[in-house]
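Tertiary structure, described
Spelled out from the first residue to the last, the chains are:
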Amino acid sequence: MSRSYLDRIAPQILLAHHLKALKLPTFLREYDKVARLCAAEGVDHPRYLMRLAEMEMIDRERRMVERRIKVARFPTVKSLDSLDSFDFLALPSLNKMLVLELARSDYVERRENIIAVGNSGTGKSHIALGLGLAACQKGLSVGFITASALVHELLEARDEKRLLRLQRQLAGYKLLIIDELGYVPLSVTGAELLFEVFSQRYERGSTLVTSNLPFDEWTSVFGSERLTGALLDRLTHHVHILEMNGDSFRLADSRRRSRRARSEPPSDAAPQE
């Protein structure tokens with residue numbers, strides 16, 4: 001191997017090593033291509049480096065958002081665009097301007113809560129997922145879980161003597177989304193453990209709750225007027241309430257598909273003469 005060849009490749013090997021050590025994968029992947037483009041365009045060294053730095057920052061932010069979304073454990077990803085395309089006209093009880101304002105995620109920095117209340121099928125989870133993704137994109141840590149699954153995890157953690165660790169994890173999210181509160185009645189122990197989650201997050205982080213029950217029926221879930229009152233006192237101290245009562249989107253969609261199926265002739269039907 002010639003000396004000139006070694007002299008030529010040694011800097012590239014060392015540069016690759018240093019960029020990997022500095023955790024600059026986009027810089028490493030793009031520096032040669034960007035150098036050729038900048039040379040062809042007559043771009044000076046500072047602007048060349050600025051282009052690479054901008055590419056690294058954009059790619060790093062994208063990876064961080066992807067990690068936050070993965071950690072949040074969303075059942076499906078609803079983009080901010082999905083909030084814009086949400087059929088607000090079909091749900092006149094819902095304040096569209098408030099939802100779009102909440103999508104800026106300033107309420108999370110102020111440690112305020114959100115409660116979306118309404119009958120089944122009106123898009124409460126859709127709105128919660130959209131707001132959760134918006135918070136991830138703003139650099140905030142988010143957790144998403146249904147109320148029944150959360151209680152199950154809390155009971156399991158208690159039995160396995162890792163409850164404190166789980167409680168610290170839940171308290172650490174900037175935004176914790178608890179979906180479908182009210183669909184399943186809770187045991188006494190489950191209700192108490194869930195109350196602890198709300199209590200530990202009080203004025204320390206934002207909590208978004210969706211429920212199919214009006215507040216005066218939450219006692220049927222928690223089984224205790226005292227516990228329900230204490231929970232609502234904490235949850236509604238700094239709160240934005242989204243009223244989402246209306247016709248079920250899922251039921252309406254099912255009816256549309258059913259009508260369409262009845263109106264369409266069978267695929268093997270003979271053409272009329």
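Residues numbered from 1 in each chain as written. Predicted model: local features only at pLDDT ≥ 70, side-chain atom pairs only at ≥ 80, totals over all residues. Heavy atoms only, no water.

End to end, helix α2 (residues 25-41) covers 24 Å across 17 residues, agreeing with the expected 24 Å (1.5 Å per residue, within 8%). Of all the bends in α2, the largest measures some 50 degrees and sits at Tyr31. Looking one or two places after α2, you find Gly42, whose phi comes out positive at around 70 degrees. (Helix = DSSP H or I, 4+ residues; strand = E, 2+ residues; numbered from the N terminus. Expected span 1.5 Å × (residues − 1). Bend = angle between axes of the 7 residues up to and from the residue.)

The next point concerns the pattern of salt bridges. Throughout the structure, instances matching the rule amount to 18 salt bridges. Salt-bridge contacts for Arg63 lead to Glu56; the nearest nitrogen and oxygen are separated by 3.7 Å. A salt bridge links Arg73 to Glu153, with the shortest nitrogen-to-oxygen separation between them at 3.4 Å. Of this pair, Arg73 sits in the loop between α3 (45-72) and α4 (80-84) while Glu153 sits in helix α8 (residues 147-159), placing them 80 residues apart in sequence. (Salt bridge = Lys/Arg side-chain N within 4 Å of Asp/Glu carboxyl O.)

Before going further, it helps to examine the packing of aromatic side chains. Under the defined criterion, the tally for this structure stands at two aromatic pairs. When the centroid spacing of 6.1 Å and the interplanar angle of 70 degrees are considered together, the rings of Phe74 and Phe144 count as edge-to-face. A residue pair is termed long-range when its members are at least 10 positions apart, and Phe74 in the loop between α3 and α4 and Phe144 in strand β2 (residues 142-146) qualify at 70 residues. Comparing Phe74 with Phe144, the two get one shared label, buried. Considering the side-chain rings of Phe215 and Trp218, the 5.3 Å spacing of their centres and the 75 degrees angle between planes classify their relative orientation as edge-to-face. Judged by relative accessible area, Phe215 falls into the partly exposed class, the value being 27%. (Phe/Tyr/Trp six-rings, centres within 6.5 Å; stacked < 30°, edge-to-face > 60°. Buried < 20%, exposed > 50% of the residue type's maximum accessible area, 1.4 Å probe, protein only.)

Residue class for Phe144 comes out buried when judged on its relative accessible area of 7%. Considering only alpha carbons, one finds Phe144 and Pro75, 69 residues apart in sequence, at a separation of 8.3 Å. Setting aside anything within four residues of it in sequence, one finds Phe144 in contact with Ala72, Arg73, Phe74, Pro75, Leu129, Ile177 and Asp179. (Contact = heavy atoms within 4.5 Å.)

Let us look at the side chain of Glu56. By the secondary structure assignment, Glu56 is in helix α3. What makes Glu56 buried here is its relative accessible area of 4%. Beyond its immediate chain neighbours, meaning those up to four positions away, Glu56 contacts Lys23, Leu24, Pro25, Thr26, Phe27 and Arg63.

So, on to the sheet that holds β2. On the basis of which strands lie adjacent, the open sheet formed by five strands has the order β2-β3-β4-β1-β5 and parallel pairing. In this open sheet, the two edge strands, each paired with only one partner strand, are β2 and β5 (239-243). Strand-to-strand, the axes of this sheet are offset by a mean angle of 10 degrees, without reference to chain direction. With five bridges joining them, strand β1 (residues 113-117) and β5 adopt parallel strand pairing. By the bridge assignment for β5, Asn113 is matched with Val239. (Pairing = 2+ DSSP bridges. Axes fitted to C-alpha atoms, helices over the stretch in contact; angles between N-to-C directions.)

This part is about the nonpolar core. Side chains of a nonpolar character, in soluble globular proteins, are inclined to be buried together. Counting 31 residues, the largest nonpolar core has Leu154, Leu170, Leu181, Leu194, Trp218, Phe222 and Leu231 as its most contacted members. Here this core gets six residues from one element, more than from any other, and that element is helix α10 (residues 188-201). Sequence-distant contacts of Leu231, defined by excluding residues within four places in its chain, comprise Phe195, Phe198, Trp218 and Phe222. (Core = buried A, V, L, I, M, F, W, Y, C linked by side-chain atoms within 4.5 Å.)

Extensive coverage of β1 is indicated by the burial of five of its five residues. By the alternation rule, side chains of β1 split into Asn113, Ile115 and Val117 and Ile114 and Ala116, which are all buried.

This paragraph deals with α8. Taking 1.5 Å as the rise per residue, α8 with 13 residues should run 18 Å; its terminal C-alpha atoms sit 19 Å apart, in good agreement. Taken together, the buried positions of α8 are Ala147, Leu150, Val151, Leu154 and Ala157. Down the axis of α8, the buried set is contained in an arc of 130 degrees. They therefore lie on one face. Of the exposed residues in α8, those oriented more than 90 degrees away from the buried face are His152 and Asp159. In this structure, the buried residues of α8 make contact with β2, α9 (163-172), β3 (175-181) and α10. Backbone geometry just downstream of α8 places Lys161 in the positive-phi region, at approximately 60 degrees. (Arc of directions from axis to C-beta.)

Read these as geometric descriptors, not functional statements.
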